[in-house]
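# Coordinate inspection notes
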Amino acid sequence: MENVVGDRVLIAVQAVNISRLSTHPVPTVPGTLIVVAGAGPKDSNGAGKSSFIASITALLGDEQWRFASGAKAVSELLFNAELASGAGGKQWASADHGYIVGVFGPPGADADLGALDPVTPVADEEDGSGELISAEVETGELFQVPTGGAVTVWLRVNQEAPHLEIRWREGVHLAAAASEAERVARADDMWNSLPKSAGRRDVVARDLTKVLYGDRVRCVSFLSTSVRSKVATNLLSQPLNEITPERVFEAIAALTGLDTELEQEREARRDEHAKRVRAAQAGERLAEFEAESKALLTTFDRRDQARVRLAEALRCWRGRQARKLADAAAKDELLAAESARHQEAAEKAAGAIAMVKAEIATLKDDTLDRKVGEARKELAALQARAAKLDADRAVAANSADELRGQIPALEETRRFADGRDVPAAEREVGEARLRLNEALKGLGVADREVASAQAALDDAEGGPAAAQLNALSAAGLDATGLLDALDVAEQARDHAPGSGSDGLVPAGLRGWPNEHAVIVDADRLEAAAAALAELPGSVLVSSAGVSVVGAFDGVATGREARIKAAEHRLNRAKDTQESATQAVHDAEGAVAQAQRRLEGAKAAVRLAEIEARLAERRAKLAELTAAVEEITPKVAETERLAGSLDFRARTRDMEIERMEGRRQRHEGERNQAKEQDRRVAADRESLKLDALAADWGGTSDGARDWIEALPEEERPRGADEWWRMAERHFDQAQRDTFPEEDAEVPEELAFLLAERAGSTAREQATFAAVCGALASYLRGQEEYEKHQRRQIEAQVDSRQRDLAAADKGAEEAAQSTAVHRAALTAAIKARLTRVAEEFDKLDTGYGGYGATLEFPVPPPPADPEQRWQWRVTPKWRRGDGQGFVPYNRRANTALMDEKAVKLVCAAAIASSGGGHLCLVLDELGRNLGKEHRREAVALFRRIGETYGITVIGALQDDMEPYAIDACGQYIKLRRSSDAMPYNEPPVIIGHDQHAERVRALASYVERPAS
């Protein structure tokens, strides 16, 4: 059964054990704005507004609850004692199930409600506030609706799966009783009385929208609270220009149901990706299995080869037995003939021996040996000469390379010579060094003059009696130098006869005692003498007389004049020193330049020598190369000749060996003849024909026939050759069977292999047994290997089919995804175009100048987990004839709020498809300014009434004054204390333009006047 509700509209809702909501039925006015306010313990929060509107969205089949996945999130709406109140958490139990009940009536049924018999309301005895309270009657129905026109839908919400069960019945069937507890019990009884909706079971969440509404969209919502896990973008929760184009599309997709289709597209991409991953994994598993099975198949192939080789070994062993028997039989026949003709045989044998010896003597001629020795000797000489030539050529080549490596550096150095030869360059070096020596001498004279001038300056600054004055100062005695106290007139300094070298003082005042004399007070004379005791020769001058301590040279007078003259002399000396230093620097540069020219001249000489040597090396290298080319053919010819002679010598030796064998055989025949019958009889006995025939398993004629039946190339084989071939085939079969050295060998086979080791006789004695043991082991493995081969082939075939199926599935998934994406693109564009058209109609119809939506088609994401992200940019005109302006341009808040409301309504209208739609909004007008709230609420009401859309919006306290006068119905949920687990009866005020409907409902929502 599908579309049970049909065109009916929701006219009443009742919640039982849903959050903290009261169980009182709540009537609703279709096709208008219904606002839901709250009065909690402190403010509007805590009264259950969000739970109330969330339960309505679940009842109306809002796809955001994910009904296809079982709608587990709906169970979170059940009453939780711990969350309901602190005290209630201990006094009340959480609900394990609850009910959401909805009454649906025909769209025009509201107009006929006035004709129904009203139910007398009763006042709630627990509430004395005087507010208008809805009341219940004992009949269990909120209001009388004709049975044929209304249907009541019950949703049972379970904590455990199934989380949602649906039943319905014609007519109005609500739980009514005097108290909350009685209404809860009454709800369980009524649920049990309702018929199961799907025969023996109930319809569950995944079939809700199909069964109740025929897969038509009846509800779109913006729930911005945490009542469910998925929270869609709310275009009314913040300024429109602060919402990105991606989130605008998400909001429109949630309102129009596109988000479900987008999720299906993402699931299709996930399925495609998963199938591609499975195809890749199938390929990897096939390759891995083939690699693993390859080792087994290789082992099986080796064992098959071992079986072939073992059969060949047994055939060769049988050939050996046949050959031995046939040879023994032939020999026996010969021995029998010799027994009758021993005399004749002896003579013939002697003649044959003589002939063989003559042939051997002829073959043993040493001519060939001499030729071989000479050829080898000549070959060794030629090879030694060729090796010597190669070595000489390599040495010459290396020497030439070394000489060529020196040429660039010598050519670079040769340029410094500037055309000079070595003698000229050496003369220039000698001349430059002479000039450098002269400059160094001048610099030494200037340095000595600077040192002398500096000493004179220090002497002038310190004074003649500096040591005496310092010693007296250290002893705390005041004193003055005698000559420092004298000033000589300028003209006396310059023209006085016998002036000193500095021209400042007369020569008569220089030297001792005047230069080192100091003036002290007479009463400090003894202390001064004691202080100068370490300076013998010092002179003390006082008013008491002169005391002589020591003597000095002459001195000048006038301290400042002496310092000035000394500084002038020092400056002249430093100027001379700088000139001498520069001369030395220039001379050193000239010496370096001359030295470089000399090195360049020497490099030119060295370069000429190297070029001459290089020419010699090149000539030598060409000579050696020609010699190597000349001797190479000779070496090759000599090698060929020596090889040919070696081959002839080996062939001769083999012939000699064969002749020796013939000689020995003839001697044996002669001896046998001499031994006559006894020896013949003994030899025939030693042949053991009977034992050989038993080993062969037949007669000697059968053995000869078997040998004759062999290919021509195998008939001449002797018994030993057959044995070697049998042994070789057996060894190879054993290695093929047990390729690893530490392979586990059967106990019997291991014992036989150990027993046969040591000698050829033991190997031949145990050959048949060890071949039988190995054959037995291989036969035992053969069936297992055949089975394993069949299993591997089956597995490979199966995995190849799986890979082909996975590849085909991945390709089909890719094609399906592409087709689904193309269809979804067309559907999204059509739905968004419809929204844009409705947006334009609403804008032009309610005071605007036109609006539209811009939505370019984005490329699909590469990541299968990433959602296909579309961008929607709302645009509108700000005046007649103007172009469209994007929504994120700066604009006043009122315009943004108005366009947001119109866009939400346009999306709701577009999703309704002409049916009765319910638009549920949480936090209605939260972002609107105070001056725009009343206009926005009124716009919602006008749009709802115009298009038949029921708009249900939850309010905060600050929005309530603006909405109460502009809405079509007002519902206030009440809860006055945190200690109350359930709400109080709600306040319901209806605003309806149909007077008949208002009068019909008035008796159910009004309290009689006191």
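Please read these numbers as outputs of a predicted model, since none were measured by experiment. (Residues numbered from 1 in each chain as written. Predicted model: local features only at pLDDT ≥ 70, side-chain atom pairs only at ≥ 80, totals over all residues. Heavy atoms only, no water.)

## Looking at the overall build of the chain
Formally: Elements are defined by DSSP. Helices are runs of H or I of four residues or more, strands are runs of E of two residues or more, and each kind is numbered from the N terminus. Each residue is placed in one exposure class: buried if its accessible area under a 1.4 Å probe, protein chains only, is under 20% of its type's maximum, exposed if it is over 50%, and partly exposed if it falls in between. Between two residues, a contact is recorded if the distance between any of their heavy atoms is within 4.5 Å. Accessible surface area values rest on a Shrake-Rupley calculation with a 1.4 Å probe, where residue burial reflects the displayed protein chains alone.
A tally of helices and strands in the chain yields 23 helices and 21 strands. The burial tally for the chain puts 45% of its 1010 residues in the buried class. Within the chain, contacts between residues at least 6 apart in sequence are counted, and of these 77% link residues at least 24 apart. When the accessible surface of the chain is split by element, carbon and sulfur atoms take 50% of a total near 51200 Å².

## Observations regarding the packing of helix 6 (residues 245–256) against helix 19 (residues 760–845)
Quick reminder of the rule: Fitted lines through C-alpha atoms serve as axes, helices being fitted only where they are in contact, and the angles separating the N-to-C directions of these axes extend from 0 to 180 degrees. Angle categories: roughly parallel below 35 degrees, roughly antiparallel above 145, roughly perpendicular from 65 to 115, and oblique for all the rest. When residue character is reported, Ala, Val, Leu, Ile, Met, Phe, Trp, Tyr, Cys and Pro are called nonpolar, Asp, Glu, Lys and Arg charged, and the others, Gly included, polar.
The interhelical angle for the contact between helix 6 and helix 19, taken along N-to-C directions, is 95°, at an axis separation of 11 Å. Judged by the inter-axis angle, helix 6 sits roughly perpendicular to helix 19. Within the contact between the two elements, helix 6 uses Phe-249, Ile-252 and Thr-256 and helix 19 uses Ile-828, Arg-831, Leu-832 and Val-835. Here the residues of the contact of helix 6 with helix 19 sort into five nonpolar, one polar and one charged.

## A short note on the sheet that holds strand 13 (residues 545–548)
Here is the rule we go by: In short, DSSP must find at least two bridges between two strands for them to pair.
Pairing within the open sheet is mixed, and its four strands lie in the order 9-11-12-13. Edge positions in the open sheet fall to strand 9 (480–481) and strand 13, since each of these has one partner strand only.

## Things to note about the packing of helix 17 (residues 719–737) against helix 19
How we decide: Note: crossing handedness is left-handed where the near helix turns anticlockwise from the far helix by less than a right angle, and right-handed where it turns clockwise.
Here helix 17 crosses helix 19 at 40°, and the two axes come no closer than 11 Å. In this view, helix 17 runs oblique relative to helix 19, as classed from their interaxial angle. Helix 19 is crossed by helix 17, and the crossing has left-handed handedness. Packed against helix 17, whose contacting residues are Trp-723, Ala-726, Glu-727, Phe-730, Ala-733, Gln-734 and Thr-737, the element helix 19 presents Thr-760, Glu-763, Gln-764, Phe-767, Val-770, Cys-771, Leu-774, Tyr-777 and Leu-778 at the interface. For the contact of helix 17 with helix 19, the per-class residue count stands at ten nonpolar, four polar and two charged.

## What to know about the sheet that holds strand 15 (residues 851–854)
Here we have three strands laid out as an open sheet, ordered 15-16-17, and antiparallel in their pairing. Since the sheet does not close on itself, it has two edges, and those belong to strand 15 and strand 17 (885–886), each with one partner. Judged from the two bridges that link them, strand 16 (residues 873–876) and strand 17 form a sheet pairing that is antiparallel. Note on strand 17: the bridge partner recorded for Lys-875 is Pro-886. Packed onto the sheet, helix 19 meets strand 15 and strand 16 and runs at close to 155° relative to strand 15.

## Focus: the pattern of salt bridges
To be explicit about the condition: When a carboxyl oxygen of Asp or Glu is within 4 Å of a side-chain nitrogen of Lys or Arg, the pair counts as a salt bridge.
The full count for this structure, using the stated rule, is 31 salt bridges. The salt bridge partner of Arg-183 is Glu-180, with a shortest N-O separation of 3.4 Å. Pair noted here: Arg-183 and Glu-180 are both in helix 4 (residues 180–193), with a separation of three residues, about one helical turn. When its relative accessible area of 3% is taken as the criterion, Arg-183 is described as buried.

## With respect to the nonpolar core
Applicable threshold: Buried Ala, Val, Leu, Ile, Met, Phe, Trp, Tyr and Cys residues form a nonpolar core when they are joined through side-chain atoms within 4.5 Å.
Counting residues in hydrophobic clusters, the biggest one holds 61 residues, and the most contacted among them are Leu-235, Phe-249, Ile-252, Leu-853, Leu-919 and Phe-940. Per-element tally for this core: the top contributor is helix 20 (residues 893–912), with twelve residues. Other than its neighbours up to four places away in sequence, Leu-853 contacts Ile-252, Leu-832, Val-835, Ala-836, Phe-839, Val-872, Thr-873, Pro-874 and Leu-903. Listed in part, the 49 residues of the second largest apolar core include Val-4, Ala-71, Val-151 and Ile-166.

## A look at the state of the cysteines
For clarity, the cut-off: Cysteine sulfur atoms are paired as a disulfide whenever they come within 2.5 Å of each other.
Scanning the entire structure with this criterion turns up zero disulfides. With no disulfide of its own, Cys-219 lies closest to Cys-918 among cysteine sulfurs, the gap being 5.0 Å. Relative accessible area serves as the criterion here: at 5%, Cys-918 is assigned to the buried category.

## Structural notes on the confidence of the model for the chain
The condition is simple: For every residue, the predictor reports its confidence as pLDDT, a number between 0 and 100.
Confidence along the chain averages 78 in pLDDT terms, with 85% of residues attaining 70 or more. The low-confidence segment residues 109–148, where pLDDT is below 50, has 95 contacts with residues more than four positions distant or belonging to other chains. Below pLDDT 50 for its whole length, residues 493–505 participates in 27 contacts with residues either more than four positions away or in separate chains.

## As for the packing of aromatic side chains
Cut-off, in case you're wondering: Aromatic pairing here means that ring centres of Phe, Tyr or Trp (its six-membered ring) are within 6.5 Å. Orientation follows from the plane angle: under 30 degrees is stacked, over 60 is edge-to-face, and everything else is tilted. Lysine NZ or arginine CZ positioned within 6 Å of the ring centre and within 35 degrees of the ring normal marks a charge as sitting over the ring.
Tallied over the full model, the rule gives twelve aromatic pairs. Taking the centre distance of 5.9 Å and the plane angle of 70° together, the rings of Trp-696 and Trp-706 count as edge-to-face. You can see Trp-696 sitting in helix 15 (residues 689–696) and its partner Trp-706 sitting in helix 16 (residues 700–708), a full ten residues away along the chain. For Trp-706, a relative accessible area of 22% translates into the label partly exposed. Ring geometry for Phe-730 against Phe-767: centres 5.7 Å apart, planes inclined by 65°, an arrangement best described as edge-to-face. Of this pair, Phe-730 sits in helix 17 while Phe-767 sits in helix 19, placing them 37 residues apart in sequence. Note on Phe-730: relative accessible area 1%, which makes it buried. Exposure remark for Phe-767: the relative accessible area of 0% places this residue in the buried category. Feature note: the residues Trp-317, Trp-723, Phe-730 and Phe-767 constitute an aromatic cluster, connected by ring pairs. When the ring centre of Trp-696 is taken as reference, the NZ or CZ atom of Arg-318 above it lies at 3.8 Å.

## Examining the side chain of Asp-843
Cut-off, in case you're wondering: Nitrogen and oxygen atoms within 3.5 Å of one another constitute a polar contact, given that in protein one can donate a hydrogen and the other can accept it, and given that sequence-neighbouring residues count only through two side-chain atoms.
Tracing the backbone through its elements, the reader meets Asp-843 in helix 19. Judged by its relative accessible area of 0%, Asp-843 falls in the buried class. Engagement of the side chain of Asp-843 in a polar contact is seen with the backbone nitrogen of Gly-850, the distance being 2.8 Å. If we skip the residues at most four places from it in the chain, Asp-843 touches Gly-848, Tyr-849, Gly-850, Ala-851, Glu-898, Lys-899 and Lys-902.

## Notes on helix 1 (residues 49–59)
Among the eleven residues that make up helix 1, eleven are buried, leaving the element largely enclosed by the rest of the structure. Buried residues of helix 1: Lys-49, Ser-50, Ser-51, Phe-52, Ile-53, Ala-54, Ser-55, Ile-56, Thr-57, Ala-58 and Leu-59, and no others.

## Thoughts on helix 6
Convention followed: Expected span of a helix: the number of residues minus one, times 1.5 Å.
The end-to-end C-alpha separation of helix 6 is 16 Å, in line with the 16 Å expected for twelve residues at 1.5 Å each. When you tally the buried positions in helix 6, you get nine out of twelve residues, the bulk of the element. Within helix 6 the residues assigned to the buried category are Pro-245, Val-248, Phe-249, Ala-251, Ile-252, Ala-253, Ala-254, Leu-255 and Thr-256. Just beyond helix 6, the residue with positive phi is Gly-257, at close to 85°.

## Brief notes about the environment of Gln-866
Here Gln-866 is to be found in the loop between strand 15 and strand 16. Its relative accessible area of 42% is what places Gln-866 among the partly exposed residues. Along the primary structure Gln-866 and Arg-269 are separated by 597 residues, whereas in three dimensions their C-alpha atoms are 9.4 Å apart. For Gln-866, the residues in contact, after removing those within four places along its chain, are Arg-266, Arg-269 and Pro-861.

## Some thoughts on the pairing of strand 21 (residues 984–990)
With respect to burial, strand 21 is a largely interior element, five of its seven residues being buried. Note: strand 20 (residues 969–974) against strand 21, five bridges, orientation antiparallel. Counted as the bridge partner of Gln-969 is Gly-990 from strand 21.

## So, unusual backbone geometry
Cis geometry marks the peptide bond from Ala-161 to Pro-162, where omega comes out at -5°. Topologically, Pro-162 is positioned in the loop between strand 5 (151–158) and strand 6 (164–170). The phi dihedral of Asn-17 falls on the positive side, at around 60°, and the residue is not glycine. Along the chain, Asn-17 falls in the loop between strand 1 (9–16) and strand 2 (26–27).

## Some thoughts on the pairing of strand 5
Counting buried positions along strand 5 gives eight out of eight residues, so the element sits mostly inside the fold. With burial as the criterion, each face of strand 5 is covered, one bearing Val-151, Val-153, Leu-155 and Val-157 and the other bearing Thr-152, Trp-154, Arg-156 and Asn-158. Here strand 4 (residues 97–105) runs beside strand 5; their pairing, made up of eight bridges, is antiparallel. If you follow His-97 over to strand 5, its bridge partner there is Asn-158. Two elements, strand 5 and strand 6, share seven bridges in a ladder whose sense is antiparallel. Within strand 6, the residue paired with Thr-152 across the bridge is Arg-169. As consecutive antiparallel partners, strand 5 and strand 6 are separated by five residues.

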